[in-house]
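# Reading the structure
The lines below spell out each chain.
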Amino acid sequence: MNEYNMDKFREDCLRLNINLSEEQTAKFQQYYEILIQWNAFMNLTAITEYGDVLKKHFLDSLSLVKAADLEKEIRILDIGTGAGFPGIPLKIAFPHLKIVLLDSLGKRVKFLNHVIEELNLEQINAVHGRAEDFARDIQYRESFDYVVSRAVANLSSLSEYCIPYVKTGGYFVSYKSGNVDNELEKSLHAIRVLGGTVEDIVRFTLADTEERTFVCIKKISKTDKKYPRKAGTPSRDPL
């Protein structure tokens, strides 16, 4: 394993009140190396420079601490996880979390399982499938304390994918960049229909350089069984 300078990353984590151990720091370094190795033959991320991955993927994932109490033993679903963001960084930094990674592409799930095995992570698993389909499974539906997503999609569609998995009293937290006011306004109907309510909007600057926003949606009532609609519909025809 190559030696990389992790000092800036650890300092940025401390600013989030996350104090990484040497073992955790080494796991982030190993994660980076595996990501770059696999990215050479499959499309995992367009961001590959070391410092950019640490900030724009790892640190951005961990910034969830601004919107959620991650010291509790909670169950988190990461929908559209891609290369494992934010789920794997959250698991490394908060080993007590129980995390499920959901992605629709089998090759990515193979990568995720390799990372989980190589980093010796426990109580985290990667699942291959579409969000619309797994929401019918009683093992997953309305069973998570938090559902998170960094997926690039409008908030109305994301809400239909994610809110059905949240238990009543739990939260769907959407990672967004920049100003979300217009997008949020257009999603309020969908959020209400799905049993949620917008509880908070957390705006912050990531490592003093990039504007970020968390939309925090609390689940206040059960989601009607007809949601999510069949595969592809939430994206083509948002509520």
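## Description of the layout of surface pockets
If you add up the space inside the largest pocket, you get close to 540 Å³. Elements with a contribution of two residues or more to the lining of the largest pocket: β2 (98–103), α6 (131–134) and α7 (155–162). In terms of residue class, the lining of the largest pocket is built from 11 nonpolar, 10 polar and five charged. Its volume calculated, the second largest pocket comes out at about 330 Å³. In terms of lining, the second largest pocket is formed by 13 residues, of which the most central are R150, V152, Y175, K176 and S177. Those elements giving two or more residues to the lining of the second largest pocket turn out to be α3 (50–62) and β5 (166–177). In terms of residue count, β5 provides more of the lining of the second largest pocket than any other element does, three residues in total. Considering only residue class, the lining of the second largest pocket consists of six nonpolar, one polar and six charged.

## Considering the packing of aromatic side chains
A full pass over the atoms with the stated rule returns 14 aromatic pairs. Ring geometry for W38 versus F41: centroids 5.5 Å apart, planes at 40°, classification tilted. Looking at W38, the relative accessible area reads 14%, which means it is buried. Using a relative accessible area of 58% as the deciding quantity, one classes F41 as exposed.

## Structural notes on the confidence of the model for the protein chain
The share of residues in the protein chain with pLDDT of 70 or more is 99%, and the mean pLDDT across the chain is 93. Looking over the protein chain, one finds the lowest element-wise mean pLDDT in helix α9 (residues 233–236), namely 87, and the highest in helix α4 (residues 87–93), namely 98.

Thresholds, definitions, all that
Residues numbered from 1 in each chain as written. Predicted model: local features only at pLDDT ≥ 70, side-chain atom pairs only at ≥ 80, totals over all residues. Heavy atoms only, no water. 1 Å grid on protein atoms, 1.4 Å probe; cavity = no way out; pocket = protein on both sides within 12 Å on 5 of 7 lines; lining within 4 Å. Points joined across faces, edges and corners; volume = space filled by probe spheres on them. Helix = DSSP H or I, 4+ residues; strand = E, 2+ residues; numbered from the N terminus. Nonpolar A, V, L, I, M, F, W, Y, C, P; charged D, E, K, R; others polar. Phe/Tyr/Trp six-rings, centres within 6.5 Å; stacked < 30°, edge-to-face > 60°. Buried < 20%, exposed > 50% of the residue type's maximum accessible area, 1.4 Å probe, protein only. pLDDT = per-residue confidence, 0-100.

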